[in-house]
Structures are given as structure tokens and as C-alpha cells.
Amino acid sequence: MSGPPAPRSAYLDHAGFGRLRPAAVAAMREVLTEVLPYGSTRLGGIFTTRAAARRSMARLLDCAPTEVAFVPNTSTGLHLVADGLDWRPGDQVVLFDRDFPANVRPWTALSRYGVEPVWVPMRDGGYRSADLAAAIGPRTRLVAVSHVNFATGFRIDLDTVCALAARVGALVSVDAVQSLGALPLSLADTPVDFLAAGAQKWLGGPPGMGVFFCRADRLELLGTAPTGWFGFDGAAELMKGPGPLSYQLPARAAASRVEGGMYDLVGMAGLAAALAELEAVGLDVVADRVLALADRIRTGISDIGFTLATPPDPAANSGIVSFSAPGLTGAELVDTLTGSGVQVSVPAGLVRVSPHYWTTDDEVDLFLVRISELKP
């Protein structure tokens, strides 16, 4: 005799922690069971996985594979820039009010070098070009921006950011963890200098894996970036030769110079599989569905009478829809939704809903039913 039917549930928290894709799980399991237990005897084939992942990531970002490095997380990539540039007293970094701490702390810590933060205010859940233009001046060295705000879901126009920064010769560093894997971004068309993103959200990859982009002509600016064994040309060949070890090898002329030594082989296999799946679907197709589901959620929330965190603007929308409700805290709403089988999250006091390409229409239906039951 079968038990009761499983309760209906909805997973709408890809902005918090994405679901690891089944293909990634299978790839990681294979490394754990068919490779690592045998030591070096089966390692040969797995080292090609990182090269495949690098090519996939380069195609997703529309950049050269040599401009892609793999790092443990978003913060590591941002610190490569913050800690790698040669800062001067009086330099200014443009920051954004209510940005995620990972894209604030590396830059405010530069006060030890005499670097000053200049803030762009948040208005109506987003940022205005006029405020950004006013914040950028002759002393601006870098603009540190998140492509999509983690709390409100506001998507900034990176082309405008780059154009305003270029007027004064400033660099642009992007935290793309809330967009990469859900929204297309061509780095051939949008000339940001640096970009970092973790794999555990919209990319559907494992935690502890991330990507760092460094435009080719900016690599030498990261003069103090760490360089491990794999970061030098000829390192692998040197270990096979009969001659003495050389400690004067040149650093690789590629972003991969920052990758250090031995990396997470299991995580890399999972990331490669997740990226391959995204490529197979097509990022434009993914984005169309993500935005369509988010629009449906946004409309449903408005119809119920709750307050959206950002005004409707197709150009600024993302896969994140955040809102508040009169008389209820965000934490109370999220606790109630979680108890009814709907997984969302509560950043900065807002209820954050974030569907992905693989989210079903039934999951959105369930969310809208559950949220309508909470209407005062």
C-alpha cells in the first residue's frame, strides 16, 4: 500500500543557493568513485575537464579563454582586483548603496592606502545614471558594481557604467553572481575590465567554484596577484626534465596565472557539466524563460496588493523579484511560505523570489496561491 502523495513544493531561491544540476551531480560522483580512489593512475583524463570548462565559460561570456580563470568564489575574484592593483593615496572607488558586502568590503578596506569610497545612492530599489555620473570624477580609479542587486533584483545597464567610467579612464569591476547563468552578457560588447561570480547560484554548479574574468590588456595591472605553480609557463614540463629546477619561469600571459596550484577536481567536473548543460539549452533561451517567470510572479504580487521592491522596468528586471507586505515582516512571510513548501529567501528584510529556467509553471502557481493566502 502506497503512502500519501508527496506534498507540493516550489523551489524559488536560485538567487540564494541554486540547485546543483543532475548532470553536475553525476560528473562529480564519477570523479569520486571512478578516479580519485585510484590515485594518479586515472588522473590523466580529468585534467582536460578544466580546459573544457574554460572554453564553455568563455563562450558564455563572449570572451577569450585566456581571459578566464577559475577561483573558489566571487569574493576571491573581487579581492584579486582590490588587492592586486597599485593604489595611490587620493584614488577613489565608486560603490553602490545597499550592495552586497562582498562587493563593498574589499574596496572600503583600501582606506589603508588612502583610497576613498564615493557612494551612488539607491533610489526606488535601483540606481540612476545621473547619480552614477555625479559620483564619477577625475580621481575615480575604479567603479565596483553588481550587475544585479542581490536584494531588490535591479539590473544596472553595464554599457552605461562602462561609458561613464571611460570618460575619466576608470576601470570597471563587476560582481555578476546574481546574473551569470540567468542573463546573457557579452564582454566583447560590454567592455568591463574585471568580473567575478560564484557557480552555486544561477550557474547550477557546486559551491566552492567560481569564475574570474580579466580583460587581456588589464592583466599586467594585477601586479601583486598571487601566482601558484600552475601560473607559470613551462612549470609542468620542468618537473619532467632532468635538469635543475628553475625559479625564474615567466608568469602565464593569461588570467589563469591566478589559479594557484592543485584545484578542486570534483568541483571542476561538476562546473564543467553544469556549463555544458547551459550551453546546450542556450543562454538566450534560459534568459527568456527566467524573465517571463519573473514577470508572471511580479504581476501576481502586484495584483495581490503587495509592494514590489523596484518599479516595473523591463530593462532593469532580472530573475529576482522582491517585495514587502503591509503589517508583516519579510522574515514572517518567508517562514510561513517555507512551512507551506515554498522555498524563498529574505535578504535585507525583503521577500526574494528567484525562479530559474528549470522552474515549472506548477511551482509558480503554488507560490501565487500561497502568497495570496497571506493577503491581509
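Structure report, in brief.

## Looking at the sheet that holds strand S6 (residues 171–175)
Working step 1: Pairing is mixed across the open sheet formed by seven strands, whose spatial order is S2-S8-S7-S6-S5-S3-S4. Only two strands of the sheet have a single neighbouring strand rather than two, namely strand S2 (68–71) and strand S4 (116–120). The sheet shows a mean angle of 20 degrees between the axes of neighbouring strands, direction not considered.
Working step 2: Sheet topology places S2 next to strand S8 (residues 210–214); four bridges connect them, and they run antiparallel. Bridge pairing links Val71 to Gly210 in S8.
Working step 3: Relative to the sheet, helix H3 (residues 74–82) contacts S2, strand S5 (140–146), S6, strand S7 (194–198) and S8, its axis offset from that of S7 by approximately 160 degrees.

## Some details on the pattern of salt bridges
Working step 1: Per the stated rule, a full pass over the model turns up 18 salt bridges.
Working step 2: A salt bridge links Arg21 to Glu277; the shortest N-O distance between them is 2.9 Å. Linking Arg21 in the loop between strand S1 (10–11) and helix H1 (22–35) with Glu277 in helix H8 (residues 265–281), this pair joins segments that are 256 residues apart in sequence.
Working step 3: Notably, a salt bridge pairs Asp365 with Arg296, separated by 2.1 Å at the nearest N-O pair. Pair noted here: Asp365 is in helix H11 (residues 361–372) and Arg296 is in helix H9 (residues 283–304), with a separation of 69 residues, a long-range link.
Working step 4: The exposure class assigned to Asp365 is partly exposed, which follows from its relative accessible area of 29%.
Working step 5: One salt-bridge network, in which partners are shared between bridges, spans Arg50, Arg54 and Glu259.

## Considering the environment of Ala51
Working step 1: Its location among the elements puts Ala51 in helix H2 (residues 48–61).
Working step 2: Residue Ala51 is classed as partly exposed on the basis of its relative accessible area of 33%.

## Regarding the pairing of strand S3 (residues 92–96)
Working step 1: Of all five residues in S3, five are buried, a share of seventy percent or more.
Working step 2: Of the two faces of S3, both are covered, the one formed by Gln92, Val94 and Phe96 as well as the one formed by Val93 and Leu95.
Working step 3: In terms of strand pairing, S3 meets S4 through five bridges, oriented parallel. Counterpart to Leu95 in the pairing with S4 is Trp119.
Working step 4: Pairing of S3 with S5, which is carried by three bridges, proceeds in the parallel orientation. Counted as the bridge partner of Val93 is Leu142 from S5.

## A look at the pairing of strand S10 (residues 321–324)
Here is the key point about a regular strand: its side chains alternate between the two faces of the sheet.
Working step 1: Of the pairings in the sheet, the one linking strand S9 (residues 307–308) to S10 comprises two bridges and is antiparallel in character. Bridged to Leu308 within S10 is Phe323.
Working step 2: Of the pairings in the sheet, the one linking S10 to strand S12 (residues 351–353) comprises three bridges and is antiparallel in character. Directly across from Ser322, in S12, lies its bridge partner Arg352.

## Side note on the side chain of His356
Working step 1: Inspection of the secondary structure assignment puts His356 in the loop between S12 and H11.
Working step 2: A polar contact is formed between the side chain of His356 and the backbone oxygen of Trp202, at a distance of 2.7 Å.

## Regarding the environment of Glu67
Working step 1: Structurally, the position occupied by Glu67 is in the loop between H2 and S2.
Working step 2: Classification of Glu67 by relative accessible area gives buried; the value is 10%.
Working step 3: Discounting chain neighbours no more than four positions away, the residues touching Glu67 are Phe212, Phe213, Cys214, Arg215, Ala216 and Ala255.

## What about the state of the cysteines?
Working step 1: Scanning the model with the defined rule gives zero disulfides in all.
Working step 2: You can see Cys162 has no disulfide; the closest cysteine sulfur is in Cys63, sitting 14 Å from it.
Working step 3: Residue Cys214 stays outside any disulfide, its sulfur separated by 11 Å from that of Cys63, the closest cysteine.
Working step 4: Its relative accessible area of 2% is what places Cys214 among the buried residues.

## So, a negative patch on the surface
Working step 1: A contiguous patch of negative charge, built from Asp62, Asp157, Asp159 and Asp189, is present on the exposed surface.
Working step 2: In this fold, Asp157 is placed in the loop between S5 and helix H6 (158–166).
Working step 3: According to the relative accessible area criterion, Asp157 is partly exposed, its value standing at 42%.

## Observations concerning the packing of H1 against H8
Working step 1: As a packed pair, H1 and H8 sit with axes 8 Å apart at the nearest point and diverge in direction by 150 degrees. Here H1 is positioned roughly antiparallel relative to H8, judged by the angle of their axes. For the pair H1 and H8, the crossing hand works out as right-handed. Contact residues: Ala23, Ala24, Ala27, Met28, Val31 and Leu32 in H1; Leu265, Val266, Gly267, Ala269, Gly270, Ala273, Ala274 and Glu277 in H8.

Definitions and limits used
Here the residue numbering is sequential within each chain, running from 1 through the sequence in written order. With the structure being a predicted model, the display of local features is reserved for residues of pLDDT at least 70 and the display and counting of side-chain atom pairs for 80 or more, all residues being used for whole-chain, interface and lining totals. To obtain the side-chain values, all non-hydrogen atoms of the structure were included, while hydrogens and water were left out. Think of it this way: DSSP has to see at least two bridges between two strands before they count as a pair. We count a stretch as a helix when DSSP gives it H or I for four or more residues in a row; a strand needs E for two or more, and each element gets its number in order from the N terminus. Structural elements are reduced to axes, namely lines fitted to C-alpha atoms, with helices fitted over the stretch in contact, and the angle between N-to-C directions of any two is expressed from 0 to 180 degrees. Residues count as neighbours in contact if any of their non-hydrogen atoms are within 4.5 Å of one another. One speaks of a salt bridge when a side-chain nitrogen belonging to Lys or Arg is within 4 Å of a carboxyl oxygen belonging to Asp or Glu. Exposed residues in this analysis have more than 50% of their type's maximum accessible area, buried residues have under 20%, and partly exposed residues fall in between, with area computed by a 1.4 Å probe over protein chains only. Any pair of nitrogen or oxygen atoms within 3.5 Å is treated as a polar contact; in protein, a donor-acceptor pairing is required on top of that, and neighbouring residues in sequence qualify only through side-chain atoms on both sides. Cysteine sulfur pairs qualify as disulfides if the two atoms are within 2.5 Å. For patch building, the residue pool is restricted to those with more than 30% relative accessible area and no salt bridge; the joining distance is 9 Å between like charges and 5 Å between nonpolar side chains (Val, Leu, Ile, Met, Phe, Trp, Tyr). Each accessible area is a Shrake-Rupley result for a 1.4 Å probe, and residues are judged covered by the shown protein chains and nothing else. Under this rule, positive means Lys or Arg and negative means Asp or Glu; His and the chain ends count for nothing. Every charge is mapped to an atom, namely NZ of Lys, CZ of Arg, CG of Asp or CD of Glu. The cut-offs work like this: below 35 degrees is roughly parallel, past 145 is roughly antiparallel, 65 to 115 is roughly perpendicular, and the gaps in between are oblique. For a crossing to be left-handed, the near helix must be turned anticlockwise from the far one by less than a right angle; the clockwise case is right-handed.

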